[in-house]
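Fold and contact review
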Amino acid sequence: MDIRESIRLAASSLNTNKLRSLLTLLGIIIGIMAVIIIMTLGRGLENQVLSGLEGVGTTTHPVVVHERPDEEAESDDPFAALSMAPPTQERDGVTLDQLQELQRSFDGRVQAVDIDVSGAGDVTYGDTTASADVNAVLAGSLDMRGMTVEYGRGITQDDLDGQRPVAVVSREFVDALFGDDERAAMGKRFDVDVDGQPAVYTVIGVLEEHKSGGMLGGPQSFAEIFIPVSSADRVGLENSWVSNFQVQSAPDEDTATFQADLQSYLDRLYRGNQDYEAEVLDLSSSLEELTGVFRIMSSVLSAIGGISLLVGGIGVMNIMLITVTERTREIGVRKALGATQNDIRVQFIVEAMMVCLIGGVIGVILGGAIGMIATASFDAFVWPPLSAIALALVFSLATGVFFGAYPASKAAKMQPIEALRYE
């Protein structure tokens, strides 16, 4: 008997017991579906996070000022500097004048510099008050952060030099204080209060809608205002020095060369400081390691999902044993007509493989659809990985072979006379 005949007989058997076949398929479907969903979500999360880090690693270079580590405490971890104590006094930090000098020293190799100076406060216009994040920025900060001014203009160097009390605000700020009317907000003066220190600022620009979040937490919207760092002391924010900043290199700059030159410059700047140093974080070097972590996580979670497939395989074995018992007389007749043990064995293994393969295909379709919908909802749409689909289908076939082998062997070893006598 050839394979085609075995497939025909298997299909006939599955069609005869539709409900039982469907219940048997469920275990395989759920197992494969779980694996595909996990792999798709993992790929979407990996692409979203790594795409952001790749941009940071190639054009934006974070700098952290921290205590000089002991020789015994030195580490190859690129993020070790983030766990070290930052400076607490201006003499150990980097002043705004030094940041300007850095830009002049690199003469066209630096596009912009951004700082991290912010606080939480309340903003008030008329009788309306809302909570907002107050961010002190430099002239190129908004561009570095991927923000675009939709109405009005951004913060300029003239605003910084003149210490002007002006602000660029987010759409959420406008919604909260001006009823979603951007034009009405332009030129309006509003009150800002950070930790009990009030000041008055004027709206000069409104940003395009900008939402942060993603697969780890979904979109988040909050009111923000951006003011020149030179006028940040009006609301009590430090505006003379920073302990960390970011440098954006020109597009044609080689990443490794620029980072080495920037580190050399900072080493010279801190040469006379015995307690603190400034370190350029090489995020690009950690991309490969981070990719490996994501893949390990996906593999582990897929293995957990594979437990459902194992349970489904046990269900297949159970149903096949019942099928062998129910078809004992059929087996006896076929052997009496000349069927060999191998013919019987192949017939039942093919039937088990068909059950698992059909379940695998349905699981791939459902898992892929759910995975794509989930990643699209997090603005990180990806197709199900082809490797995961191929692995799932191969594994489902292997499950059919493994769990169908024993029932097939039991059927093949039946003696024709005993099988024909079975009631």
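Keep in mind that this is a model prediction, so the values were computed, not measured. (Residues numbered from 1 in each chain as written. Predicted model: local features only at pLDDT ≥ 70, side-chain atom pairs only at ≥ 80, totals over all residues. Heavy atoms only, no water.)

**A short note on the overall build of the protein chain**
Tallying secondary structure elements over the protein chain gives 13 helices and 13 strands in all. Counting every position in the protein chain, which comprises 423 residues, the buried fraction comes to 46%. Partitioning the contacts of the protein chain with sequence separation of at least 6, the portion at a separation of at least 24 is 78%. In the structure as shown, the protein chain presents an accessible area of about 21,600 Å², 55% of it carried by carbon and sulfur atoms. (Helix = DSSP H or I, 4+ residues; strand = E, 2+ residues; numbered from the N terminus. Buried < 20%, exposed > 50% of the residue type's maximum accessible area, 1.4 Å probe, protein only. Contact = heavy atoms within 4.5 Å. Areas by Shrake-Rupley, 256 points an atom, 1.4 Å probe, with all protein chains shown as cover.)

**Overview of the pattern of salt bridges**
Inspection of every chain in the model, using the stated rule, returns 9 salt bridges. One network of salt bridges, with partners in common, ties together Arg109, Glu253 and Asp261. (Salt bridge = Lys/Arg side-chain N within 4 Å of Asp/Glu carboxyl O.)

**Here's the deal with the packing of helix 3 (residues 96-106) against helix 8 (residues 255-269)**
Helix 8 packs onto helix 3 with a crossing angle of 135 degrees between their chain directions and a minimal axis gap of 12 Å. The orientation of helix 3 with respect to helix 8, classified from their angle, is oblique. Helix 3 and helix 8 meet at a crossing whose hand is right-handed. Residues Gln98, Glu101, Leu102, Ser105 and Phe106 of helix 3 lie in contact with helix 8, whose contacting residues are Phe258, Asp261, Leu262, Tyr265, Leu266 and Leu269. (Axes fitted to C-alpha atoms, helices over the stretch in contact; angles between N-to-C directions. Parallel < 35°, antiparallel > 145°, perpendicular 65-115°, else oblique. Left-handed = near helix turned anticlockwise from the far one by under 90°.)

**Focus: the nonpolar core**
Formed by 50 residues in total, the largest nonpolar core has its most connected members in Phe173, Phe190 and Phe245. Those residues within four positions of Phe245 in sequence are excluded, and the remaining contacts are His61, Pro62, Val63, Val94, Leu99, Leu102, Val113, Asp114, Ile115 and Leu266. Membership of the second largest hydrophobic core comes to 24 residues, among which are Ala352, Ala388, Ala408 and Ala412. (Core = buried A, V, L, I, M, F, W, Y, C linked by side-chain atoms within 4.5 Å.)

**Observations regarding the sheet that holds strand 3 (residues 110-115)**
Pairing is antiparallel across the open sheet formed by 4 strands, whose spatial order is 3-12-1-13. The outermost strands of the open sheet, each flanked by one partner alone, are strand 3 and strand 13 (276-280). Strand-to-strand twist across the sheet, computed as the mean angle between neighbouring axes with direction ignored, equals 20 degrees. Relative to strand 12 (residues 244-249), strand 3 runs antiparallel, the two being bridged by 5 bridges. Looking at strand 12, one finds that Asp114 is bridged to Gln246. (Pairing = 2+ DSSP bridges.)

**Here we look at the packing of aromatic side chains**
A complete count under the given rule lists 6 aromatic pairs for this structure. Taking 5.7 Å as the distance between ring centres and 65 degrees as the angle between the ring planes, the aromatic pair formed by Phe106 and Tyr265 counts as edge-to-face. One end of the pair, Phe106, is in helix 3; the other, Tyr265, is in helix 8, and 159 residues separate them in sequence. Accessibility classification places Phe106 together with Tyr265 in one group, the buried group. By way of ring pairs, the aromatic residues Tyr125, Phe173, Phe178 and Phe190 are connected into one cluster. (Phe/Tyr/Trp six-rings, centres within 6.5 Å; stacked < 30°, edge-to-face > 60°.)

**Some words on a nonpolar patch on the surface**
On the surface, a cluster of nonpolar side chains totalling about 560 Å² of accessible area is made up of Ile296, Val300, Leu301, Ile304, Ile307 and Val311. On the basis of relative accessible area, Leu301 is assigned to the partly exposed category, the value being 40%. (Patch = residues over 30% accessible without salt bridge, like charges linked within 9 Å, V, L, I, M, F, W, Y side chains within 5 Å.)

**Some remarks on helix 12 (residues 386-412)**
Taking 1.5 Å of rise per residue, the 27 residues of helix 12 would be expected to cover 39 Å, and the 37 Å separating its terminal C-alpha atoms lies within 8% of that figure. Among the residues making up helix 12, those that are buried are Ala388, Ala392, Ser396, Thr399, Gly400, Phe403, Gly404, Pro407, Ala408, Ser409, Ala411 and Ala412. (Expected span 1.5 Å × (residues − 1).)

**Thoughts on helix 6 (residues 171-178)**
Counted residue by residue, helix 6 has 6 buried out of 8 residues, so it is predominantly covered. Listed in full, the buried residues belonging to helix 6 are Arg171, Glu172, Phe173, Val174, Leu177 and Phe178. Downstream of helix 6 by one or two residues, Gly179 has phi in the positive range, about 60 degrees.

**As for the confidence of the model for the protein chain**
Of all residues in the protein chain, 85% attain a pLDDT of 70 or more, and the chain-wide mean is 82. Low confidence marks residues 212-220, where pLDDT is under 50. Its contacts with residues over four positions away, or in another chain, come to 18 contacts. (pLDDT = per-residue confidence, 0-100.)

**Some remarks on unusual backbone geometry**
For Gln163, which is not a glycine, the phi torsion comes out positive at approximately 50 degrees. Looking at the secondary structure, you find Gln163 in the loop between helix 5 (157-161) and strand 7 (166-169). Relative accessible area serves as the criterion here: at 46%, Gln163 is assigned to the partly exposed category. Despite not being glycine, Asp195 shows a phi value in the positive range, around 55 degrees. On the secondary structure map, Asp195 appears in the loop between strand 8 (189-194) and strand 9 (197-207).

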